[in-house]
Amino acid sequence: GYVTSCGTEGNLHSILCAREMLPDGVLYGSEDCHYSIFKAGDFYRMDYVRVKSDENGEMDYNDLAMHLEKNKHLPAIVTANIGTTVKGAVDSVDKIVETLKSKGYTRDRWYIHCDGALYALMLPFMKEFEQVNFTKDIDSMCVSGHKFLGCPMPSGVTICR
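For clarity, every value in this text was computed on a predicted model and none was experimentally measured.

**Student:** Looking at this structure, I do not really get the packing of aromatic side chains. What am I missing?
**Tutor:** The geometry of two aromatic rings is summed up by the distance between their centres and the angle between their planes. Evaluated as defined, the whole model comprises two aromatic pairs. With 5.0 Å between their ring centres and 35° between their planes, Phe38 and Tyr48 make a pair best called tilted. Taken together, the residues Phe38 in helix H2 (residues 35–43) and Tyr48 in strand E3 (residues 48–51) connect sequence positions 10 residues apart. A residue is classified by how much of its surface remains accessible, and Phe38, at 4% relative accessible area, is buried. With centroids separated by 6.4 Å and ring planes inclined at 70°, the aromatic side chains of Phe43 and Tyr44 adopt a geometry described as edge-to-face.

Shown next as structure tokens:
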């Protein structure tokens, strides 16, 4: 990992790592994910799918399952939001992994990036949300330093497995 200039740079780097690991992977992100996720898809000329979100901004796992089924011959690169920009929704990594497995994906055919720019640094103190860390089947995570750490200038950190 490394220190970045912002969460967007962390997302761009993490999606690039995913693309390098799974060159023919399809990028999945919810309708409520940060714009930089699909910007990365455009930059790196990746196929991507906008997965529906529920009214609270959380990923619709049934919609994800439908798209995974449609593209099951290709690896999956899934972005989990750890606090969406507008609604603050947190996607469940456990449900994403469960959905991938239910569609026949093996661990070597998926990459999960957690965009934690908003809540990743607060999540350990928020008991109402599922905890997200590298003991789970995630591959990368990014955080922003200027949101809740109080850094006076835009900054971030990205960590890849």
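**Student:** Before we go on, may I ask you to explain helix H3 (residues 61–70) in this structure?
**Tutor:** It helps to recall that an α-helix has 3.6 residues per turn; residues three or four apart then point in one direction. Residues of H3 that are buried: Tyr61, Asp63, Leu64, Ala65, His67 and Leu68. Its buried side turned inward, H3 meets strand E2 (26–30), E3, strand E4 (76–81) and helix H4 (93–102). A side-chain oxygen of the first residue of H3 lies 3.0 Å from the backbone nitrogen of Asn62; this N-cap is Asp60.

About the cut-offs
- Residues numbered from 1 in each chain as written.
- Predicted model: local features only at pLDDT ≥ 70, side-chain atom pairs only at ≥ 80, totals over all residues.
- Heavy atoms only, no water.
- Phe/Tyr/Trp six-rings, centres within 6.5 Å; stacked < 30°, edge-to-face > 60°.
- Helix = DSSP H or I, 4+ residues; strand = E, 2+ residues; numbered from the N terminus.
- Buried < 20%, exposed > 50% of the residue type's maximum accessible area, 1.4 Å probe, protein only.
- Contact = heavy atoms within 4.5 Å.
- Polar contact = N/O pair within 3.5 Å; in protein donor to acceptor, adjacent residues only side chain to side chain.

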